[in-house]
Amino acid sequence: MTWPAGTAKAVARSLDTYFRDVARTERMDRLNAEFIRSGDLAFDIGAHLGDRTASYRRLGARVVSVEPQPAMFRALRLLHGRDPDVELRCMALGAAAARVPFYVNGDNPTTSTASRSLIEAAPGNVAWRDQVWDQKIYVAVTTLDSLIDEHGVPDFVKIDVEGYEAELLRGLSRPVRNLSFEFTTLQNNVAVEALNVLEGLGRFRYNYSIGENHALVLNDWVSFDAMADLMATIPAYLNSGDIYARHI
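All values derive from a computational prediction rather than experimental measurement.

A. Structural context of the pattern of salt bridges. By the definition in use, this model includes 15 salt bridges. In this structure, Asp-29 engages Arg-58 in a salt bridge whose closest nitrogen and oxygen atoms are separated by 2.8 Å. Here Asp-29 is found in helix H2 (residues 22–32), whereas its partner Arg-58 is found in helix H3 (residues 51–58), with 29 residues between them in sequence. A salt bridge links Arg-177 to Asp-155; the shortest N-O distance between them is 3.2 Å. Taken together, the residues Arg-177 in the loop between helix H7 (165–169) and strand E8 (178–184) and Asp-155 in the loop between helix H6 (144–151) and strand E7 (156–159) connect sequence positions 22 residues apart. The class for Asp-155 is buried, based on a relative accessible area of 19%.

Dropping the structure here:
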């Protein structure tokens with residue numbers, strides 16, 4: 001199988017970053033084990049090459065792994081397509097079933113996004129200003145509700161969709177036991193918006209991690225108000241991380 005040169009390099013970088021760092025893998029598994037038990041069902045939304053999918057499988061979970069980028073999905077299928085406990089879907093998730101424009105960063109596919117507002121915000125941030133979204137494709141969109149109807153209620157949902165988190169959560173009408181979603185300091189307002197959408201589904205407690213540390217920052221899980229205040233004021237230099245939510 002061949003890819004364009006830029007895509008092949010990006011895939012190779014992702015393999016190095018996400019699969020060949022043993023210490024990172026161990027940290028990731030320890031953190032995921034706080035939310036996932038053997039026999040659970042996990043959704044990996046925005047799977048990229050499926051390093052989280054691999055972690056959930058090591059913990060004994062069944063996984064539905066969703067990735068909208070055709071090139072990344074081809075690599076995802078090579079890595080996980082023979083596993084009968086992994087269901088692969090090449091699509092995006094959003095507030096309603098549709099087809100939407102999706103902007104691909106060929107040199108850095110991890111920042112590919114359906115969020116036009118993220119792209120418009122990037123030039124004003126030193127960590128993002130060199131990113132280039134050089135392709136526009138159209139992708140099929142389903143909802144979390146539809147995925148749940150098809151596969152069952154997940155025990156854990158991981159969401160990494162580059163600024164599309166709040167829109168995706170609008171496609172969920174019921175709380176789930178555990179979930180995480182990415183935030184960026186480029187658009188910390190999106191994290192606050194996503195928290196508001198999630199809180200409309202039920203009561204949650206929250207924690208967060210930074211970057212690829214795969215460790216919870218807070219000793220104690222906090223309320224919606226505390227997490228929303230934290231995200232509204234989080235320092236720009238931290239760049240990105242994940243918010244974790246537990247339904248109570």
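Moving on, there is more to tell.
B. Representation of the pairing of E7 within the structure. Of the two faces of E7, the one carrying Phe-156 and Lys-158 and the one carrying Val-157 and Ile-159 are both buried. Inspection of the sheet shows strand E1 (residues 41–45) paired to E7 by four bridges, in the parallel sense. Within E7, the position partnered with Ile-45 by the bridge is Ile-159. As defined by bridge partners, E7 adjoins E8 across three bridges and the pair is classed as parallel. If you follow Val-157 over to E8, its bridge partner there is Leu-179.

C. Fine view of the packing of helix H8 (residues 188–199) against helix H9 (residues 224–233). As a packed pair, H8 and H9 sit with axes 8 Å apart at the nearest point and diverge in direction by 165 degrees. It follows from the interaxial angle that H8 and H9 lie roughly antiparallel. At the point where H8 passes H9, the crossing takes the left-handed sense. For the pair H8 and H9, the contacting residues are Asn-188, Ala-191, Val-192, Leu-195, Asn-196 and Glu-199 in the first and Phe-224, Met-227, Ala-228, Met-231, Ala-232 and Thr-233 in the second. Its residues assigned to classes, the contact of H8 with H9 shows eight nonpolar, three polar and one charged.

D. Structural context of the packing of aromatic side chains. Summed over all chains, the structure comprises six aromatic pairs. Pairing Phe-35 with Tyr-244 gives two aromatic rings, centres 5.1 Å apart and planes at 10 degrees, and the pair type is stacked. With Phe-35 in the loop between H2 and E1 and Tyr-244 in strand E10 (residues 240–247), this pair connects stretches of sequence that are 209 residues apart. By the burial criterion, Phe-35 is buried, and Tyr-244 matches it. Each ring, one from Phe-183 and one from Tyr-208, has its centre 6.4 Å from the other, and the planes form 65 degrees; the classification is edge-to-face. Of this pair, Phe-183 sits in strand E8 while Tyr-208 is found in strand E9 (residues 204–210), placing the two residues 25 residues apart along the sequence. Assigned by exposure class, Phe-183 and Tyr-208 land together as buried. Through a chain of ring-to-ring contacts, the aromatic side chains of Phe-35, Tyr-56, Phe-156, Trp-221 and Tyr-244 assemble into a single cluster. Arg-116 extends its terminal NZ or CZ atom over the ring of Tyr-103, reaching a point 5.1 Å from the ring centre.

E. Seen up close, unusual backbone geometry. You will see that Glu-162, though not glycine, has its phi angle at about 50 degrees, which is positive. Along the polypeptide, Glu-162 turns up in the loop between E7 and H7. Positive phi is not limited to glycine here, since Asn-239 has a value of about 70 degrees. For Asn-239, the position within the fold is in the loop between H9 and E10. The class for Asn-239 is partly exposed, based on a relative accessible area of 26%.

F. Region of the structure containing the sheet that holds strand E4 (residues 92–93). The sheet built from three strands is open, its strands ordered E4-E6-E5 with mixed pairing. Unpaired on one side and paired on the other, E4 and strand E5 (98–104) mark the two borders of the sheet. Bridge count between E5 and strand E6 (residues 135–142): seven bridges; the pairing is antiparallel. Paired with Val-100 across the strands is Val-139, a residue of E6.

Calculation rules
Residues numbered from 1 in each chain as written. Predicted model: local features only at pLDDT ≥ 70, side-chain atom pairs only at ≥ 80, totals over all residues. Heavy atoms only, no water. Salt bridge = Lys/Arg side-chain N within 4 Å of Asp/Glu carboxyl O. Helix = DSSP H or I, 4+ residues; strand = E, 2+ residues; numbered from the N terminus. Buried < 20%, exposed > 50% of the residue type's maximum accessible area, 1.4 Å probe, protein only. Pairing = 2+ DSSP bridges. Axes fitted to C-alpha atoms, helices over the stretch in contact; angles between N-to-C directions. Parallel < 35°, antiparallel > 145°, perpendicular 65-115°, else oblique. Left-handed = near helix turned anticlockwise from the far one by under 90°. Contact = heavy atoms within 4.5 Å. Nonpolar A, V, L, I, M, F, W, Y, C, P; charged D, E, K, R; others polar. Phe/Tyr/Trp six-rings, centres within 6.5 Å; stacked < 30°, edge-to-face > 60°. Lys NZ or Arg CZ within 6 Å of the ring centre and 35° of its normal.

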